[in-house]
Amino acid sequence: MLPDEQVRELQVELLKNKKELEGHLAANDHFDLRSGHTHESTGELSSYDNHPGDEGTELFEREKDIALNDHAEYLLNNINLALQAIETGSYGKCETCGNDIPFERLKAVPDTRFCIEHTLDRTVSHNRPIEEGVLIPPFGKFDLDDKEENVGFDAEDTWQEVASWGTSETPSDFIEPKADYNEMYIESEENIGYVEDFENFVGNDITGKEIKIYPNKQHEKYEEELDKENIMTSFGDLPAYEHDPYVEKDK
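Conventions we followed
Residues numbered from 1 in each chain as written. Predicted model: local features only at pLDDT ≥ 70, side-chain atom pairs only at ≥ 80, totals over all residues. Heavy atoms only, no water. Patch = residues over 30% accessible without salt bridge, like charges linked within 9 Å, V, L, I, M, F, W, Y side chains within 5 Å. Areas by Shrake-Rupley, 256 points an atom, 1.4 Å probe, with all protein chains shown as cover. Salt bridge = Lys/Arg side-chain N within 4 Å of Asp/Glu carboxyl O. Lys, Arg positive; Asp, Glu negative; His and termini not counted. Charge placed at Lys NZ, Arg CZ, Asp CG, Glu CD. Helix = DSSP H or I, 4+ residues; strand = E, 2+ residues; numbered from the N terminus. Phe/Tyr/Trp six-rings, centres within 6.5 Å; stacked < 30°, edge-to-face > 60°. Buried < 20%, exposed > 50% of the residue type's maximum accessible area, 1.4 Å probe, protein only. UniProt positions renumbered as here; feature names shortened; annotations may be inferred. Core = buried A, V, L, I, M, F, W, Y, C linked by side-chain atoms within 4.5 Å. Polar contact = N/O pair within 3.5 Å; in protein donor to acceptor, adjacent residues only side chain to side chain. Contact = heavy atoms within 4.5 Å.

Break down a negative patch on the surface for me, citing the residues and quoting the values.
Together, E196, D197, E199, E220, E223, E224, E225, D227 and E229 make up a negatively charged patch on the protein surface. One can find E196 in the loop between α6 (155-163) and β1 (202-203).

Describe the packing of aromatic side chains, with residues and values.
The geometry of an aromatic ring pair comes down to the distance between the two centres and the angle between the two planes. Under the definition given, this model contains one aromatic pair. Between F201 and Y222, the aromatic rings sit 5.4 Å apart at their centres with planes inclined by 50°, giving tilted as the arrangement. A residue pair is termed long-range when its members are at least 10 positions apart, and F201 in the loop between α6 and β1 and Y222 in helix α7 (residues 217-229) qualify at 21 residues. Like Y222, F201 is buried.

Please set out the UniProt feature "domain: Zinc finger DksA/TraR C4-type" (unreviewed entry) in the protein residue by residue, giving values where relevant.
The UniProt entry lists residues 89-117 under the feature "domain: Zinc finger DksA/TraR C4-type" (unreviewed entry), expressed in the numbering used here. Taken end to end, residues 89-117 has its terminal C-alpha atoms 22 Å apart, with 21% of it in helix and 0% in strand.

Could you give me a rundown of the environment of W159, with the residues and numbers involved?
Positionally, W159 belongs in helix α6. Residues W159 and Y185 lie 26 residues apart in sequence; the distance between their C-alpha atoms is 9.3 Å.

Describe in detail the nonpolar core, supporting the description with residues and values.
Soluble, globular proteins show a tendency: their nonpolar side chains are buried together. Of all hydrophobic cores here, the largest spans 20 residues; its most connected members are L2, L14, I86, Y91 and L106. When residues of this core are traced back to their parent elements, those giving at least two are α1 (4-27) and α3 (52-88). Among the elements that line this core, the one with the most residues is α3, at seven residues.

Talk me through the environment of L68; I want residue IDs and the actual numbers.
Tracing the backbone shows L68 in helix α3. L68 gets classed as partly exposed once you look at its relative accessible area, which sits at 40%.

How would you sum up the side chain of N28? Please name residues and give values.
Along the chain, N28 falls in the loop between α1 and α2 (38-42). Judged by relative accessible area, which is 19%, N28 ranks as buried. At a separation of 3.1 Å, a polar atom in the side chain of N28 contacts the main-chain carbonyl oxygen of H24. A polar side-chain atom of N28 sits 3.0 Å from the main-chain amide nitrogen of H30.

Quick rundown of unusual backbone geometry? Include the residues and the values.
We note that D29 has phi near 50°; this positive angle belongs to a residue other than glycine. Mapped onto the elements, D29 comes out in the loop between α1 and α2. By relative accessible area, which is 31% here, D29 ends up partly exposed. The phi angle at E210 is positive, at roughly 55°, despite the residue not being glycine. For E210, the position within the fold is in the loop between β1 and β2 (212-213).

Please give an account of the side chain of D111 that cites residues and values.
Counting through the fold element by element, D111 comes out in the loop between α4 (103-108) and α5 (130-135). No salt bridge is formed by the buried D111. Its closest oppositely charged neighbour is R113, at 6.4 Å. The residues touching D111, leaving out its near neighbours within four places in the chain, are L14, N78, I79 and A82.

Written out as structure tokens, the structure is:
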């Protein structure tokens, strides 16, 4: 058990810390959290005339105030519990194991009610924000490009869609400089809404037969590219026995 002199010394320290904390919370009105809306703490009447960036800053500061207020109230609650323990005569004993708490530890942290082995503040949470599971790896869990025969709209497609509206990239940021500033993002040459170029001008009936070519600009561009490379298809020349379809006929 602690000597009465040491208990009184620690009690004075606890009362001093309590007074300072209560005065701090009263002076800033609990970090202005008693205001009903952020506008009340900033003096703004509306959000209409504010830039979204300014609104974001105010939201961040509001979140920080909540964290600081929670921490201050947590410390104040610990102090009150320690003072209550002094009144009941249980101060200086660990609430978990019942062993005496060293005076050196109480001197450093007078509001503690646990020994160093059982302190709650020593617990490290391994819970991570759910957003990390989406953001890591680079395109999260929804990068489907490596999956065979998958043309689903994945996280990479989402980024490309957003990037098509503009990024901070410049031609010098790419190994092969882009021809247009509207192409300043990764894989901007990738087809959107279709996979193979011929899907823009080749059609068939509901049964997959009656294949027909619909001449258009994409068809002309496709033929020009094939003629330039002197090949029959984008994946090379067809075998001599494959005259009409791209696959062998059923025997």
